[in-house]
Amino acid sequence: MQPRSQHEIRPVFCTIVPPHILDKLSQSDDPALADPARRTLEADAARRTRRQVTTVVRSTVAPEPEADRSGKPDRTIYDCRHRTHLPGTKVRAEGEGPTSDASVNRAYAGLGATFDLLLSAYGRRSIDGEGLPLIGSVHYDEKYNNAFFDGEQMVFGDGDGEIFLDFTVAIDVIAHELAHGLTQYTANLNYYGQSGALNESVSDVFGSLVKQYSLAQTAEQADWLIGAGLLAPRVQGVALRSMKAPGTAYDDDVLGKDPQPASMDDYIHTADDNGGVHLNSGIPNRAFYLLATALGGSSWERAGQLWFDVLTGGELAVDADFASFARLTVAAARSRFGEGDEVEAVLKAWSEVGVPTA
């Protein structure tokens with residue numbers, strides 16, 4: 001396996017709605033469904049191509065001392081006004097009061113909630129650990145059916161109103177995309193195959209943790225859904241994904257049935273979607289759910305801490321597979337908690353989804 005670089009970051013273009021959903025929509029006989037999905041697919045493909053030829057080199061020079069080291073976020077929200085030029089027009093800066101635009105306020109709050117969890121639970125100042133400013137752009141393009149992190153900032157579409165609503169309505173969607181930045185600045189996981197599915201799963205994990213943290217929910221109280229509230233009323237479904245029961249988030253005449261596998265027995269081998277990164281992420285997602293609910297209490301404390309330890313520990317290879325990630329979570333449990341309930345719970349969670357830890 002390739003060791004990760006401490007200084008070179010390969011930013012990737014990561015979206016919350018997987019290509020297979022948009023592809024299904026684009027084949028609809030209804031232009032109101034097909035046209036926005038087709039335009040979204042084309043826009044995502046073009047931006048993904050541009051991102052693949054870009055490399056960000058992380059500076060090795062120590063940052064200048066900051067005036068404010070109190071652990072406050074530095075957020076700026078922009079309005080694209082239904083165009084595609086980023087970041088758009090600045091509409092809210094850190095410390096400014098709410099605007100009349102609900103999308104602006106939700107994006108501002110979601111970025112802040114993600115910052116708060118990272119700082120309060122893990123002592124990390126922003127996604128890079130050094131107080132990186134958090135930038136979000138709302139009202140991207142016309143009826144854009146996605147939200148994405150492009151390696152530098154968050155971007156939210158308004159949805160088509162038929163299948164998807166405004167992408168700022170779900171705080172876990174905001175946190176999910178921002179967590180791709182956390183992975184970018186830590187484990188730097190390759191966005192293909194099992195390492196790519198881990199990349200997506202880590203974002204689902206921290207997206208769910210931010211939602212649970214903001215709602216003061218325990219693992220038992222949480223719904224473990226990613227994107228609840230994002231689907232329009234006409235859709236037969238509850239969310240984009242279910243961490244508790246992958247493959248059950250939706251079953252709709254237009255979208256089809258949620259194809260996520262819940263265990264290695266149903267692992268999907270495909271060249272689409274970067275080797276199925278949005279599909280096979282259901283396997284480590286369920287492992288985390290099983291661990292968190294077995295341990296009980298606040299998911300971000302013990303279960304989340306172990307995932308954070310692996311992500312930031314420096315031993316996770318950029319091309320890690322599920323088994324190597326699982327082994328590191330076992331080692332992290334032993335290191336942090338000793339030989340106790342935590343280790344047994346980690347071993348059992350991975351065993352239930354068919355991922356070996358030996």
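The text that follows walks through the structure, step by step, so that each part is easy to find.

Quick word on the overall build of the protein
Stage number 1. Secondary structure summary: the protein contains 10 helices and 12 strands in total.
Stage number 2. Rg of the C-alpha trace for the protein: 19 Å, near the compact-globule value of 21 Å for 358 residues, within the 12% margin.
Stage number 3. Across its three principal directions, the C-alpha atoms of the protein cover 55 × 55 × 40 Å.
Stage number 4. When the 358 residues of the protein are sorted by exposure, 57% land in the buried category.
Stage number 5. When the accessible area of the protein is evaluated, it comes to approximately 14,500 Å², of which 48% is carbon and sulfur surface.
Stage number 6. Side chains of the protein carry 32 positive and 50 negative charges; the gap between the two charge centres is 3 Å.

Quick notes on the pattern of salt bridges
Stage number 1. Evaluated as defined, the whole model comprises 10 salt bridges.
Stage number 2. Here Arg 38 makes a salt bridge to Asp 35, at a shortest N to O gap of 3.1 Å. Remark: Asp 35 and Arg 38 occur in helix 2 (residues 31–52); sequence separation between them is 3 residues, near one turn of the helix.
Stage number 3. Using a relative accessible area of 36% as the deciding quantity, one classes Arg 38 as partly exposed.
Stage number 4. Several salt bridges converge on common partners, so that one network encompasses Asp 172, Lys 211 and Asp 223.

Description of the side chain of Asn 280
Stage number 1. Mapped onto the elements of the fold, Asn 280 is located in the loop between helix 6 (272–276) and helix 7 (282–295).
Stage number 2. A relative accessible area of 0% places Asn 280 in the buried class.
Stage number 3. Within the structure, the side chain of Asn 280 is placed 2.9 Å from the backbone oxygen of Ile 268, a separation counted as a polar contact.

Quick word on the packing of helix 8 (residues 303–312) against helix 9 (residues 322–337)
Stage number 1. Orientation of helix 8 relative to helix 9, taken along the N-to-C sense of each, is 115°, at an axis distance of 9 Å. Classified by the interaxial angle, the pair formed by helix 8 and helix 9 is roughly perpendicular. The way helix 8 lies across helix 9 gives a crossing that is right-handed. Contacts from Gln 305, Leu 306, Trp 307, Asp 309 and Val 310 in helix 8 reach Phe 325, Leu 328, Thr 329, Ala 332, Ala 333, Arg 336 and Phe 337 in helix 9.
Stage number 2. Grouping the constituent residues of the contact of helix 8 with helix 9 by class yields 8 nonpolar, 2 polar and 2 charged.

Side note on the packing of aromatic side chains
Stage number 1. Within the structure shown, the criterion is met by 15 aromatic pairs.
Stage number 2. A ring pair is formed by Tyr 140 and Tyr 144, whose centres lie 5.0 Å apart and whose planes are at 75°; its orientation type is edge-to-face.
Stage number 3. Take Tyr 140: its relative accessible area is 3%, and that puts it in the buried class.
Stage number 4. In this structure Tyr 144 comes out as buried when scored by relative accessible area, which is 2%.
Stage number 5. Judged by centre distance (5.5 Å) and plane angle (80°), the rings of Trp 224 and Tyr 289 are edge-to-face. Here Tyr 289 lies in helix 7 and Trp 224 lies in the loop between helix 5 (193–215) and strand 9 (225–226), a separation of 65 residues in the sequence.
Stage number 6. For Trp 224, a relative accessible area of 1% translates into the label buried.
Stage number 7. Given a relative accessible area of 13%, Tyr 289 falls into the buried group.
Stage number 8. An aromatic cluster is defined as three or more aromatic residues linked by ring pairs; in this entry it consists of Trp 224, Phe 288, Tyr 289, Trp 307, Phe 325 and Trp 350.
Stage number 9. The ring of Tyr 108 carries Arg 75 above its face, with NZ or CZ at 3.7 Å from the centroid.
Stage number 10. Directly above the aromatic system of Tyr 108 lies the positively charged group of Arg 92, at a separation of 3.6 Å from the ring centroid.

The rules behind the values
- Residues numbered from 1 in each chain as written.
- Predicted model: local features only at pLDDT ≥ 70, side-chain atom pairs only at ≥ 80, totals over all residues.
- Heavy atoms only, no water.
- Helix = DSSP H or I, 4+ residues; strand = E, 2+ residues; numbered from the N terminus.
- Rg over C-alpha atoms; globule rule 2.2 N^0.38 Å.
- Buried < 20%, exposed > 50% of the residue type's maximum accessible area, 1.4 Å probe, protein only.
- Areas by Shrake-Rupley, 256 points an atom, 1.4 Å probe, with all protein chains shown as cover.
- Lys, Arg positive; Asp, Glu negative; His and termini not counted.
- Charge placed at Lys NZ, Arg CZ, Asp CG, Glu CD.
- Salt bridge = Lys/Arg side-chain N within 4 Å of Asp/Glu carboxyl O.
- Polar contact = N/O pair within 3.5 Å; in protein donor to acceptor, adjacent residues only side chain to side chain.
- Axes fitted to C-alpha atoms, helices over the stretch in contact; angles between N-to-C directions.
- Parallel < 35°, antiparallel > 145°, perpendicular 65-115°, else oblique.
- Left-handed = near helix turned anticlockwise from the far one by under 90°.
- Contact = heavy atoms within 4.5 Å.
- Nonpolar A, V, L, I, M, F, W, Y, C, P; charged D, E, K, R; others polar.
- Phe/Tyr/Trp six-rings, centres within 6.5 Å; stacked < 30°, edge-to-face > 60°.
- Lys NZ or Arg CZ within 6 Å of the ring centre and 35° of its normal.

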